Amino acid sequence: MREAAVEPVSVGLVGAGPWADMVHAPELAKGPHTRLAGVWARRPEAAAELAGRYGVPSFARIEELLEVCEAVAFSVPPAVQAELAVVAARAGKALLLEKPLAADLAGARRLAEAVEETGVASQMVFSFRYSPATTAFLDKARELRPFGGHAVNISGALHGGPFATPWRLERGALLDIGPHTIDLLDAALGPVAGVRAHGSPLGWVGLLLEHETGAVSEASLCMAARGELPPATIHVYGERGTASLSGDDLGDGIFARLTESFAATVRAGGGHPLDARHGLRLQHVIEDAERQLAS
């Protein structure tokens, strides 16, 4: 007997900026695992324009969006996400969350606590993690008995373009690309237990990370470079060899796999390793590093 087809998860989109336009709206709308249920944004005209392209409604109030969906995807600045995701969680909606979880540790903690209290499913958009190349890299790295690693993520995003947004121009590389980099080192070498930081978030940031396993790693972050720039890379070294991953290795289909994974998380009621609690743990590391850079 054939199993009945599973209905796609209805997902409301909060935000109508460049990332919502480039990634969230088209991926949620194309299915088959998700269905775009509607759009709400702080700029009603932008929400209406984006929603109209996919034949879905836009809403004047976020509460109206929450009435027509099972889950909510966020594509807004970190401080806004931290505030509105709490509202969505308390309405019983599963959460697809961007990194970083919040603009500060207090906001991240409030959001993680709301997820814990309500029991809603949550999952974060660490885009590297949804590539088969990353899965293969992490599997190999963990077999090496790793003792160290190094990651580099360099771009010129602060000089203009769709990602030169106010919060990035104010807070820089550590808050934006830091979560991606720290997450990968954390996954490959063990949970980060401590950080030492130097440099400038709007220039070059150097991190020395200590892992619970005894491994040590370094990360170099910059969003103010110019010229021909290399892809993001991570290398892990261990007693049994080395493992490497380049941004050029990630391939296509990352966000299709992300939406499929999120739909499975929603249907299972939670349990994804990249949940709000994971985002909160990384936020601790980032805030500690920011405090050191400011001193």
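For the structure, check the block above.
How each quantity is defined
Residues numbered from 1 in each chain as written. Predicted model: local features only at pLDDT ≥ 70, side-chain atom pairs only at ≥ 80, totals over all residues. Heavy atoms only, no water. Axes fitted to C-alpha atoms, helices over the stretch in contact; angles between N-to-C directions. Helix = DSSP H or I, 4+ residues; strand = E, 2+ residues; numbered from the N terminus. Parallel < 35°, antiparallel > 145°, perpendicular 65-115°, else oblique. Contact = heavy atoms within 4.5 Å. Nonpolar A, V, L, I, M, F, W, Y, C, P; charged D, E, K, R; others polar. Buried < 20%, exposed > 50% of the residue type's maximum accessible area, 1.4 Å probe, protein only. Pairing = 2+ DSSP bridges. Right-handed = clockwise from strand over helix to strand, strands pointing away.

Asks: Summarise the packing of helix H4 (residues 78–90) against helix H5 (residues 105–118); cite the residues concerned and give the values.
Replies: Across the interface, H4 lies against H5 with an axial gap of 9 Å and an inter-helix angle of 10 degrees. Regarding the angle of H4 to H5, the classification is roughly parallel. Listed contacts from H5 to Gln81, Ala82, Ala85, Val86, Ala89 and Arg90 of H4 are Gly107, Arg110, Leu111, Ala114 and Thr118. Residues of the contact of H4 with H5, tallied by class, amount to 6 nonpolar, 3 polar and 2 charged.

Asks: Break down the environment of phenylalanine 255 for me, with residues and values.
Replies: Looking at where phenylalanine 255 falls in the secondary structure, it is placed in helix H10 (residues 254–268). With a relative accessible area of 19%, phenylalanine 255 lands in the buried category. A sequence separation of 245 residues divides phenylalanine 255 from serine 10, and the C-alpha atoms of the two residues are 17 Å apart. In this view, phenylalanine 255 contacts Trp19, Val23, Glu27, Val125 and Ser127; residues no more than four positions away in its chain are not counted.

Asks: How would you summarise the pairing of strand S1 (residues 9–14) if you had to cite specific residues and measurements?
Replies: If a strand is regular, its side chains alternate between the two faces of the sheet. For S1, the tally of buried residues reaches 6 of 6 residues, placing the bulk of the element in the interior. Neither face of S1 is open: one carries Val9, Val11 and Leu13, the other Ser10, Gly12 and Val14, and all of them are buried. With 6 bridges connecting them, S1 and strand S2 (residues 34–40) associate as parallel partners. Following the sheet pairing, glycine 12 is matched in S2 by glycine 38. Read as a crossover between parallel neighbours, the route from S1 over helix H1 (residues 18–30) to S2 is right-handed.

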